[in-house]
Structure formats: C-alpha cells, structure tokens
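Listed below, chain by chain, are the residues.
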Amino acid sequence: MSAELVCFEPNCREHFAITEIIYNCTRCGGLLETNYPDRKLDSAQLKTLWRARRTCNQPLDQSGVWRYREIISFLENFDSVITLREGNTPLLPAPKAANYGGLDRLVFKHQGFNPTGSFKDNGMTCGVAQALRLGMKRVACVSTGNTSASMAAYASAAGIEPLIFIPHGNISYGKLAQALEYGARTFQVEANFDQILALVRVLAERLGIYLLNSINPFRIEGQKTIIVEMLDQRDWSVPEWIVLPGGNLGNTSAFGKALRELKQMGFIHRMPRLAVIQAEGSAPFYELFHSSRRESLAAVPHPETLATAIKIGDPVSWTKALHEVTASEGVVEKVTEQEIADAKAVIGQCGIGCEPASAATLAGVRKLTAAGTIPHDADVVAVLTGNVLKDPDYIYRYHTGQLEAPGNVRIQSTFGNQPILVPNDADKIAALL
Ligand code: F0G
C-alpha cells in the first residue's frame, strides 16, 4: 500500500515522498499530513480482525496502536516498530462526574493508562518507528512535559538518543523525573514553549536531528488510534460528542483525521462533534474560533495556566484543528483555573483521577451543558489525557488550600481533602472516627 506526505493547505496539496525529512510544505510552509492514495479497506473484515488481535500474544497485536496498523499504514514493514504496549486504555463510566458536568452519563477514555502515563505514547511509537526507518540517531522535542517523557522512553527503548528541551520551571516534576529516569539529555531553557519550539527547529535542521513534536505527521497518525480503539471498545457505536483539552492542537487534528477516514471508509456513518477545551489564560484557539473571521491565529505572547501541559500560546496545528472542529460541527470552549481545579477533584472522587489539563474536559462539559450546547442526555466521551500522578504537587496544594493561580490568585479548595495530623494514640484517633 502506498503512502505519501501531502501539504494540508487546500490550495497547495503538494505531494512528498513518505521518507522525506520535512515538517512543513517546502512550497507554501503549510502543515503536512500522511495520505494513502490507493487505500481500500474492508471495514467489516477489519473490525473482526482487530477484535481477534486482542487475544493474540504478538507484540504488534498487543499494542493498542499497531493492532490497528491498516489505518496507519505508512511503514513498508514493521522492523522499526518499538512498542511498550501503548494504547489499550479503558473507557470508564463516571456517574459522579456526569452529575457534576450536567449529564445523565459520562464516560472517560483514560489515556493516562498508557506506559508513560499520557496519550503521547500512541503517537510516539509511530514517530520513533519513522525515525528508525529513516536511520536517525538522535531525536528531539520541546515539551510541556508529557511529550518529553514519552519520547525519552521510546527513543531509549529504540537505542537512539533523546534530546529534550523544556521551559525552565514550568513543567511538573513527575514529567521531568520521567525524562531523567528514561535517560534523556534534558535542557531546561529560559523561555516559553513557543519560543523553544522555534529554537529546536533551528537545531534540528542544523544538526540533522529528527524532530518529534506533534508537527511530525507520524505522531498524528498514532494518535488517530485513540479514536479507533474507543470506537472498537464501543462496538462502533458513535458518541454524539468527544471532548478533549487543546494545547498545541495535535490531538484535535488527529481525532478529526481519524473520524474523517473512518467515515470515508465506511467504519462509521456519522461524525461525532468535537469539543475542544482550553485554559482561559492560554486560549488562542478559543479566540480564533469565536472571531468573526477565522483567518489567522493571534498568538498569546505570555500564556498562563497551572495546567502546564496546555500552557501554549501559539499552537502549531491550529489550521488542521480548525478544519477538524469545523468539519465535525464542533465547538471550542475555555475554562478558568478554578473550574479546572474543581473538575479535577471531582474526577478524583470518582476513583479515576487525572492531571490538571485533562480535567479541563469536565470543566468544559459543565459549561457547555449549562449553556445548552450539549444536552443533558447526550452520549459523551471525554478524553483524559494524562495520569493523576503526573502532577502531585498541584494536588497537594489544592487539597490543603495552598494552590495559587497566576497573578497570586488563591484557588478555593472547594472539594479539599486535608490530611489529618494525629498523635500515636488509638483512643484519640477512635474519638475522631
Ligand atoms: N493534555 C495533556 C496531558 C498534554 O500533555 C497535552 C499536550 C495536551 C492535553 C494538549 O494536547 O497539544 O495535542 O492539543 N502536551 C504537549 C507536551 C504539548 O509537550 O507534552 P495537544
């Protein structure tokens, strides 16, 4: 089956070889996507095959990404695939969160169950497979933390060198710790995410290092399988809404591409609507979506949010994301720091838990149901993007009333749960109980 890279810009659509090492169209500068010109898939046959692979012990079939390899067929063979058994993340019903969000029912697709604790693993196994196929010895990314944790793990597993660039002081310790533990050379740069991305692109070009940010179209291919797996788990029943947090907007692009391809090939017969949720202090995509002319994105020069994963002012994939949200008749919402913090605590009370950026989903759902955009009886899947242990410092501060939003604004610990200091005395503890 042939695969190629194509410029995403509708007026350009320049074609490139699948093995070309480029991240933007060399003619117009547009984003690139993979394309499979003569692909014909039998949806009924593949649904059965994909289900059967779940019971197989072959590494490729055990991966919740490569199990669906027919839909991400950019490799000639699978010799370069490194799998840590990514994907395979559960759908978790959460009645308490549904109630908080104004819904009769709500299901979380929890990407925090991935090997490095975030959805980035779905894409990284593909990005690293492409790096190996191209014979690259070093890979690099700038990250708000999860991409770097994931890249460090997959590159080290593959025997190539991970080089990580992170905004100094602005990523959670859980994520930084992962990068160090997985053996990445880690550079803390005195700049924000958007500035460092520009820097890393220069270095990648100059030193011949392969770039594994979400601008890399092969990572987007892998993230498509989050949608494929979710639909497979629902026996191909399409939800009405899929809610996800938006930062650099790679995931939004991936979800939209997956849905378009699945519909085009007859796996599904209608599109769910995408609802992308941003943090109020880092919401350039929200502003773009709600402007009268959605022509160019005005970057937020100093993005702010305690949900550091989505602290991005100049999202690189906005053109793709705008296309996908529009094509799905979706919406973009923004939520405050307090709304994120409280929604996160409610997700915790469900016994599920997630990192701050992921909780933007429930905060967004609550806002969208209150506004009547999402009806209370809608069938909604919200994607939790990262594991609860990614940012324990945030959790401790919230529950003990010490969490402060940018600008020294104290977050109310609405659902606070303080640890109780007690003496080593059974009578006194029994009295408290
Ligand atoms: N949620 C989490 C937990 C993330 O780590 C990210 C992005 C997002 C949501 C937003 O996804 O960028 O595809 O819109 N983290 C990137 C990183 C930027 O470097 O780890 P997006």
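See above for the structure.
If you're wondering where the values come from, they're calculated on a predicted model, not measured in any experiment. (Residues numbered from 1 in each chain as written. Predicted model: local features only at pLDDT ≥ 70, side-chain atom pairs only at ≥ 80, totals over all residues. Heavy atoms only, no water.)

Visitor: Residue-level account of the site of the ligand, with values.
Guide: Taken together, 20 residues surround the ligand, and among them Thr147, Gly247, Asn248, Leu249 and Thr385 come closest. At a separation of 2.8 Å, an oxygen atom of the ligand approaches a polar backbone atom of Thr144. Asn146 is positioned with one of its side-chain polar atoms (N or O) 2.8 Å from an oxygen atom of the ligand. Here the ligand, which alone exposes 480 Å², has 99% of that area covered by the protein. Contributions of two or more residues to the shell around the ligand are made by helix H5 (146-158) and helix H9 (250-264). Residue composition of the shell around the ligand, by class: seven nonpolar, 11 polar and two charged. (Near = heavy atom within 4 Å. Polar contact = N/O pair within 3.5 Å; in protein donor to acceptor, adjacent residues only side chain to side chain. Areas by Shrake-Rupley, 256 points an atom, 1.4 Å probe, with all protein chains shown as cover. Helix = DSSP H or I, 4+ residues; strand = E, 2+ residues; numbered from the N terminus. Nonpolar A, V, L, I, M, F, W, Y, C, P; charged D, E, K, R; others polar.)

Visitor: Describe a nonpolar patch on the surface, listing the residues and the values that go with them.
Guide: Residues Ile420, Val422, Leu432 and Leu433 make up a contiguous nonpolar surface patch of about 490 Å² in total accessible area. For Ile420, a relative accessible area of 68% puts it in the exposed group. (Patch = residues over 30% accessible without salt bridge, like charges linked within 9 Å, V, L, I, M, F, W, Y side chains within 5 Å. Salt bridge = Lys/Arg side-chain N within 4 Å of Asp/Glu carboxyl O. Buried < 20%, exposed > 50% of the residue type's maximum accessible area, 1.4 Å probe, protein only.)

Visitor: A description of the sheet that holds strand E10 (residues 241-245) should follow, citing residues and the corresponding values.
Guide: Strand order in this open sheet of six strands is E4-E5-E13-E10-E11-E12, and the pairing throughout is mixed. A strand with exactly one partner marks an edge of an open sheet, and here the two such strands are strand E4 (91-93) and strand E12 (331-335). Taken over all neighbouring pairs, the strand axes of this sheet differ in orientation by 25° on average, direction set aside. Across three bridges, the pairing between E10 and strand E13 (residues 380-384) is parallel. Looking at the pairing, Trp241 lines up with Val380 of E13. Against the sheet, helix H13 (residues 356-370) contacts strand E5 (107-110), E10, strand E11 (273-279), E12 and E13, and its axis sits at roughly 105° relative to E12. (Pairing = 2+ DSSP bridges. Axes fitted to C-alpha atoms, helices over the stretch in contact; angles between N-to-C directions. Contact = heavy atoms within 4.5 Å.)

Visitor: Tell me about the pairing of E10, and please be specific about residues and values.
Guide: Consecutive residues of a regular strand have side chains that alternate between opposite faces of the sheet. A large share of E10 lies buried, amounting to five of its five residues. Here E10 shows two buried faces, one formed by Trp241, Val243 and Pro245 and the other by Ile242 and Leu244. Judged from the five bridges that link them, E10 and E11 form a sheet pairing that is parallel. Within E11, the position partnered with Ile242 by the bridge is Leu274. For the segment spanning E10, H9 and E11, crossover handedness is right-handed. (Right-handed = clockwise from strand over helix to strand, strands pointing away.)

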